[in-house]
Amino acid sequence: MTITVGAIYSAFPNFNPEDMIKLCNGNENLNGRTVVPLANIAAFGDKSLSIFAAELEGKNYTNLLAKNERVEINSAAKVKDTDTPQGNENNLNSGSSIPMNTSIFDIAQKKDRNIA
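Each value, and the rule that gives it
- Residues numbered from 1 in each chain as written.
- Predicted model: local features only at pLDDT ≥ 70, side-chain atom pairs only at ≥ 80, totals over all residues.
- Heavy atoms only, no water.
- Phe/Tyr/Trp six-rings, centres within 6.5 Å; stacked < 30°, edge-to-face > 60°.
- Buried < 20%, exposed > 50% of the residue type's maximum accessible area, 1.4 Å probe, protein only.
- Helix = DSSP H or I, 4+ residues; strand = E, 2+ residues; numbered from the N terminus.

## Brief notes about the packing of aromatic side chains
Enumeration over the complete set of coordinates arrives at 3 aromatic pairs. Between tyrosine 9 and phenylalanine 15, the aromatic rings sit 6.3 Å apart at their centres with planes inclined by 80°, giving edge-to-face as the arrangement. A relative accessible area of 27% means that tyrosine 9 is categorised as partly exposed. Aromatic pair phenylalanine 12 and phenylalanine 52: ring centres 5.6 Å apart, planes at 80°, arrangement edge-to-face. Pair noted here: phenylalanine 12 is in the loop between helix H1 (5-11) and helix H2 (17-23) and phenylalanine 52 is in helix H4 (residues 47-57), with a separation of 40 residues, a long-range link. Classification of phenylalanine 52 as buried rests on a relative accessible area of 14%. One aromatic cluster in this structure is built from Tyr9, Phe15 and Phe44.

Following this line, the structure appears as structure tokens:
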């Protein structure tokens with residue numbers, strides 16, 4: 001999903017047109033479908049605009065923010081911060097490993113012998 005000039009003006013009807021031109025890299029030929037780059041919104045520094053962008057774009061947008069801003073915007077926009085590993089990622093490096101010269105068929109035969 002992308003953030004457009006029309007979406008910003010819908011959410012913020014009093015948004016300054018000069019600021020919109022700055023957000024669009026100086027492009028003065030704007031219409032409602034003109035895409036506003038996320039990096040420009042992040043650099044703009046308006047908190048309410050950042051929350052709006054985070055609600056629409058989620059982590060795609062908040063990853064562009066500085067770490068101290070990211071936490072505040074994530075909580076305000078209710079974006080889940082996934083910097084902490086999830087439960088299934090903790091078990092990726094389990095202690096059991098298979099030697100390189102072992103066939104999967106050998107492993108299956110060993111399991112069959114141990115069960116029986």
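Additional details are given in the paragraphs that follow.
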